[in-house]
Amino acid sequence: RIGDDSDGHVVVDTRPRTKRPPLYKVLLLNDDYTPMEFVVLILEQFFHKTHAEAFEIMLTVHKKGVAVVGVYSHEIAETKVAQVMDFARKHQHPLQCTMEKE
Ligand code: TYC
């Protein structure tokens with residue numbers, strides 16, 4: 001950041017800055033048709049959750065409508081969303097997965 005002080009001197013910001021890439025939440029959405037076991041399988045396979053964790057997250061989505069299932073870089077989040085959407089489509093389930101900037 002560059003400005004001028006009261007004597008007209010140029011002020012240069014020399015603080016060391018570290019640029020962190022933005023992170024993205026991957027969200028799983030509820031629907032009335034996708035089987036619970038299928039959602040649990042997805043959470044185990046693509047998000048490396050234990051069976052107990054996966055079951056708990058699935059129930060949260062079922063009851064609340066949505067849950068964050070992971071937080072990743074843009075590229076990894078996109079890959080996770082694509083994997084879930086492809087797998088759901090392949091099995092003809094209407095499961096929806098999206099991502100949003102944290
Ligand atoms: N609501 C679904 C059912 O009762 C289960 C479900 C849970 C579906 C989570 C999607 O992301 C989801 N079979």
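Residues numbered from 1 in each chain as written. Predicted model: local features only at pLDDT ≥ 70, side-chain atom pairs only at ≥ 80, totals over all residues. Heavy atoms only, no water.

The protein carries the name ATP-dependent Clp protease adapter protein ClpS in an unreviewed UniProt entry, which gives Pseudooceanicola spongiae as its organism. Under Subunit (unreviewed entry), UniProt gives the following word-for-word description of the protein: "Binds to the N-terminal domain of the chaperone ClpA." Database annotation for the protein, UniProt heading Sequence similarities (unreviewed entry): "Belongs to the ClpS family." (UniProt positions renumbered as here; feature names shortened; annotations may be inferred.)

J.: Can you walk me through the packing of aromatic side chains in this structure?
T.: Here a ring pair, both rings aromatic, is described through the centre-centre distance and the interplanar angle of the planes. Under the counting rule described, the total for this entry stands at three aromatic pairs. Here Phe46 and Phe87 contribute two aromatic rings whose centre-to-centre distance is 5.6 Å and whose plane-to-plane angle is 80°, an arrangement assigned as edge-to-face. Here Phe46 is found in helix α1 (residues 36-47), whereas its partner Phe87 is found in helix α3 (residues 74-90), with 41 residues between them in sequence. In this pair, the class of Phe46 matches that of Phe87, namely buried. With 6.4 Å between their ring centres and 40° between their planes, Phe47 and Tyr72 make a pair best called tilted. Separated by 25 residues along the polypeptide, Phe47 in helix α1 and Tyr72 in strand β4 (residues 66-72) bring together distant segments of the chain. Just as Phe47 is buried, Tyr72 falls in that class too. Following the ring pairs from residue to residue traces out a cluster consisting of Phe38, Phe46 and Phe87. The ring of Phe47 carries the charged tip of Lys80 above its face, separated from the ring centre by 5.8 Å. (Phe/Tyr/Trp six-rings, centres within 6.5 Å; stacked < 30°, edge-to-face > 60°. Helix = DSSP H or I, 4+ residues; strand = E, 2+ residues; numbered from the N terminus. Buried < 20%, exposed > 50% of the residue type's maximum accessible area, 1.4 Å probe, protein only. Lys NZ or Arg CZ within 6 Å of the ring centre and 35° of its normal.)

J.: Help me understand α1, please; the structure alone is not making it clear to me.
T.: Helical periodicity: at 3.6 residues per turn, an α-helix aligns residues three or four positions apart in one direction. Taking 1.5 Å per residue as the helical rise, α1 with its 12 residues ought to reach 16 Å, and the 16 Å between its terminal C-alpha atoms agrees with that figure. For α1, the complete set of buried residues consists of Phe38, Val39, Val40, Ile42, Leu43, Phe46 and Phe47. Taken together, the buried residues of α1 touch β3 (24-29), α2 (51-64), β4 and α3. Residue His48 follows α1 closely and has a positive phi angle near 55°. (Expected span 1.5 Å × (residues − 1). Contact = heavy atoms within 4.5 Å.)

J.: Please explain the packing of α1 against α2 as it appears in this structure.
T.: The axes of two packed helices give the description: the angle between them and the distance between them. The N-to-C vectors of α1 and α2 enclose an angle of 125°; their axes lie 8 Å apart at closest approach. Between α1 and α2, the crossing angle belongs to the class labelled oblique. Seen along the crossing, α1 lies across α2 with a hand that is right-handed. Here Met36, Val39, Val40, Leu43 and Glu44 of α1 come into contact with α2, specifically with His51, Ala54, Phe55, Ile57, Met58 and His62. For the contact of α1 with α2, the per-class residue count stands at eight nonpolar, two polar and one charged. (Axes fitted to C-alpha atoms, helices over the stretch in contact; angles between N-to-C directions. Parallel < 35°, antiparallel > 145°, perpendicular 65-115°, else oblique. Left-handed = near helix turned anticlockwise from the far one by under 90°. Nonpolar A, V, L, I, M, F, W, Y, C, P; charged D, E, K, R; others polar.)

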